Amino acid sequence: MENATLIPESRRCEPAKYEYKKTSYSELFEVLQSLRKCEIFCDIKLETEDKKIIFAHKVVLASASPFFHAMFTNFAEKNHDLVVMREIDSTALQLLVNFIYSGAIVVTEENVQVLLPAANLLQLQEVKDACCDFLETQLCSTNCIGIKEIADLHSCTKLLTNSELYIQQHFSEVADSEEFLSLSYEQVVKLISSDELIVPSEKKVYESVIRWVKHELGLRKTIFPQLMEQIRLPLISKHYILKKVVEEPLIKNCFKCKDYIIEALHFHILNSEELIPQNIRNRPRNIHGDKVIFVVGGCENELIGSTEWYDPKMDRWHYGPEVITSRRIRACLATVKNNLVFAVGGTLDDCSSLQSVDVIDLSSESPCWKPTYEMIQEREYFGVGVINDYLYAVGGYSDNYYFNSTEVFDYNIQEWRMVSSMATRRSGLGVGVLNNLLYAVGGYNRSSRQGLNTVECYDPSFDTWKWVAEMFVRRKYVGVGVLDGVLYAVGGQDGSKTLRSVESYRPSVGVWTSIADMHLPRRDAGVVALNGLLYVVGGKNGTSSLSSVECYSPYTNTWTMMKVPMNVARASAGVVAINKPRLFNTC
């Protein structure tokens, strides 16, 4: 019997065991759902205000909801077979009970406003998070104030923060909406007094206040002087003040408001901020959020030693300080201590990898690049991330060797040291920092030259790497950015094809999701978050380097090509967002 299977003889005499663990419980819950729908073994009926009855099993509800767990273990309802749920909409309760049994729910524009409060009451955090994620995608100028109030009412911290940010960034459109007119006096004051308000001109703030007051003139005209105190009249042109503001009937009938006009006109006459005491009315808005995009080096047909920076307020690119190592390409850029920008590793034009590091102090009176402490290993096509001012260098390539190693620069002691290595060797990877964790995304190595779709996550508290969910697409030379608690994998290559596709990852959900494609395919592009948008800078489209820039809005799931490209086409450039340095040349 030549083809008989040989069964090996046991080598041990002691009792053996074989453990089997079921990989999925979905079949079990399908049976429970079927029993519920047939009203078999059900020991609880939930009755809503409109007399609808929902059958269920106490043990199943208690296992999923802390609310039901407390109800059926600590309160009188544990002995009842009927509970009246007066505070929950019947549609929402039916959806949530179905979710408990199936693990699936569909959030829509029609049900979200009843589903969110119900999920909050039953303490179903996953559904609450799903509702918040849905509402965040729906933010627009006509509903953002209402969404903010919903978030505040139900303690949805992230949604509240993002809706407030949306209102500040889109104030011009929001102020024209009907929702704006329904704001309370306290809400209007909080909004127009904010330094983070983004407006094309202070005129818009003034005109919005006039519109709000006149909407209910009899009730609101008495508080008009307090609102005028928050308007930065000195920042409005003298011509507009004399032609529009002075002639406004609300101003003419307000003695206190005339003081603010006199103050503004004095400001224009003196034409010097130093001669006038600083106060809220002559301080430019968004002073603490005045950030720009800083781009360093890269390559096109030849190496690029220049830097440039983009001012979103002026929609202009400006040249910055030349780098020291002008023959360096593929350097990784990172910011430490808010004002120190490090250009780390990369390649020289003779294809030799670098372990050198240059740094520029943007807070100095004359910002210039200086050499600093070298890495332990030479690296190119690697990634960097900063956690609590510790600079991490991850993976990469040198001298025909692919790295899985990671090293960290401790700025306080000015020293590099090795930490735990990844499970996979990765070159051409992207690195992002989210919730003080370091994510290594995609890349390639000798055995996976088509690219990797795997992702690893490093926790510096435990010095350990772990696997997280895989991407849909293999991506080498991928750009990675983080915006509002979401990790984005942008473009790259899948084998020889340059990609337009983008994926996003939320740790709370634990899976990757495809989002809208970019306008252009890009690899080796810089990715950075700024003012609620994700910018993708330069890169290669497969054949040539790009000077174009496009940005992604998570609120609308759309990409927009920026009208003004970089001064130079750049691929493999370092890109970061920085506070705008006072002494950067703007000529």
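Because the structure is a prediction, the values reported are computed rather than measured.

J.: Could you clarify how one ought to interpret the sheet that holds strand S4 (residues 291-296) in this entry?
T.: Hydrogen bonds between backbone groups are what pair the strands of a sheet, and the pairing can be parallel or antiparallel. Here we have four strands laid out as an open sheet, ordered S6-S5-S4-S31, and antiparallel in their pairing. Each of the sheet's edge strands pairs with one partner strand only, and the pair in question is strand S6 (316-319) and strand S31 (574-579). Adjacent strand axes in the sheet meet at a mean angle of 25° when their direction is disregarded. Pairing of strand S5 (residues 307-311) with S6, which is carried by four bridges, proceeds in the antiparallel orientation. Directly across from Asp 311, in S6, lies its bridge partner Arg 316.

J.: Before we go on, may I ask you to explain the pairing of S5 in this structure?
T.: Remember that side chains alternate between the two faces of the sheet whenever the strand is regular. Taking burial as the measure, the five residues of S5 include five buried ones, the bulk of the element. Of the pairings in the sheet, the one linking S4 to S5 comprises four bridges and is antiparallel in character. Bridge assignment links Ile 293 to a residue of S5, and that residue is Tyr 310. Where S5 folds back onto S6 in an antiparallel hairpin, the turn is made up of four residues, including Asp 315, whose phi is positive at roughly 55°.

J.: Got a minute to help me understand the side chain of Glu 550 in this structure?
T.: With respect to the element layout, Glu 550 can be found in strand S29 (residues 549-553). In this structure the side chain of Glu 550 is engaged in a polar contact, spanning 3.3 Å, whose partner is the backbone nitrogen of Leu 520. A polar atom in the side chain of Glu 550 sits 3.0 Å from the side chain of Arg 522.

J.: I keep staring at the pattern of salt bridges and nothing clicks. Help me out?
T.: Side chains bearing opposite charge may pair, as long as their charged atoms lie close to each other. By the definition in use, this model includes 20 salt bridges. Salt-bridge contacts for Glu 248 lead to Lys 214; the nearest nitrogen and oxygen are separated by 3.2 Å. Pair noted here: Glu 248 is in the loop between helix H15 (238-245) and helix H16 (249-252) and Lys 214 is in helix H12 (residues 202-215), with a separation of 34 residues, a long-range link. Among the residues examined, Glu 248 registers a relative accessible area of 10% and is labelled buried. Classification of Lys 214 by relative accessible area gives partly exposed; the value is 43%. Note that Asp 517 is salt-bridged to Arg 500, the shortest N-O span being 3.9 Å. Of this pair, Asp 517 sits in the loop between strand S26 (511-515) and strand S27 (526-530) while Arg 500 sits in the loop between strand S24 (497-498) and strand S25 (502-506), and the two are 17 residues apart along the sequence. Overall, the relative accessible area of 39% leaves Asp 517 in the partly exposed class. Arg 500 sits in the partly exposed class, given a relative accessible area of 38%.

J.: Please explain the confidence of the model for the protein as it appears in this structure.
T.: Keep in mind that low pLDDT regions are not for reading the predicted coordinates in detail. Per-residue pLDDT for the protein averages 88, and the proportion of residues at 70 or more is 91%. Model confidence for the protein, summarised as mean pLDDT per element, is weakest for helix H1 (residues 26-37) at 82 and strongest for strand S18 (residues 437-441) at 98.

Definitions and limits used
Going along each chain's sequence as written, the residues are numbered from 1 onward. Local features in this predicted model are restricted to residues of pLDDT 70 or higher, and side-chain atom pairs are both shown and tallied only at a pLDDT of 80 or more, whereas totals for entire chains, interfaces and linings draw on every residue. The basis for every side-chain value is the complete set of heavy atoms in the structure, and neither hydrogens nor water enter the calculation. DSSP calls a pair of strands paired once it identifies at least 2 bridges connecting them. Counting from the N terminus, the helices are DSSP H or I runs at least four residues long and the strands are E runs at least two residues long. Lines fitted to C-alpha atoms define the axes here, with helix axes fitted over just the stretch in contact, and angles between the N-to-C directions of these axes take values from 0 to 180 degrees. A 1.4 Å probe rolled over the protein chains alone gives each residue an accessible area, and that area as a share of the maximum for its type sets the label: buried under 20%, exposed over 50%, partly exposed in between. For the purposes of these results, a polar contact is taken to be a pair of N or O atoms within 3.5 Å, where, inside protein, one atom must be able to donate a hydrogen and its partner to accept one; residues adjacent in sequence count only when each atom of the pair is a side-chain atom. Here, a salt bridge means any Lys or Arg side-chain nitrogen found within 4 Å of an Asp or Glu carboxyl oxygen. As a per-residue measure, pLDDT tells how confident the predictor is, with possible values from 0 to 100.

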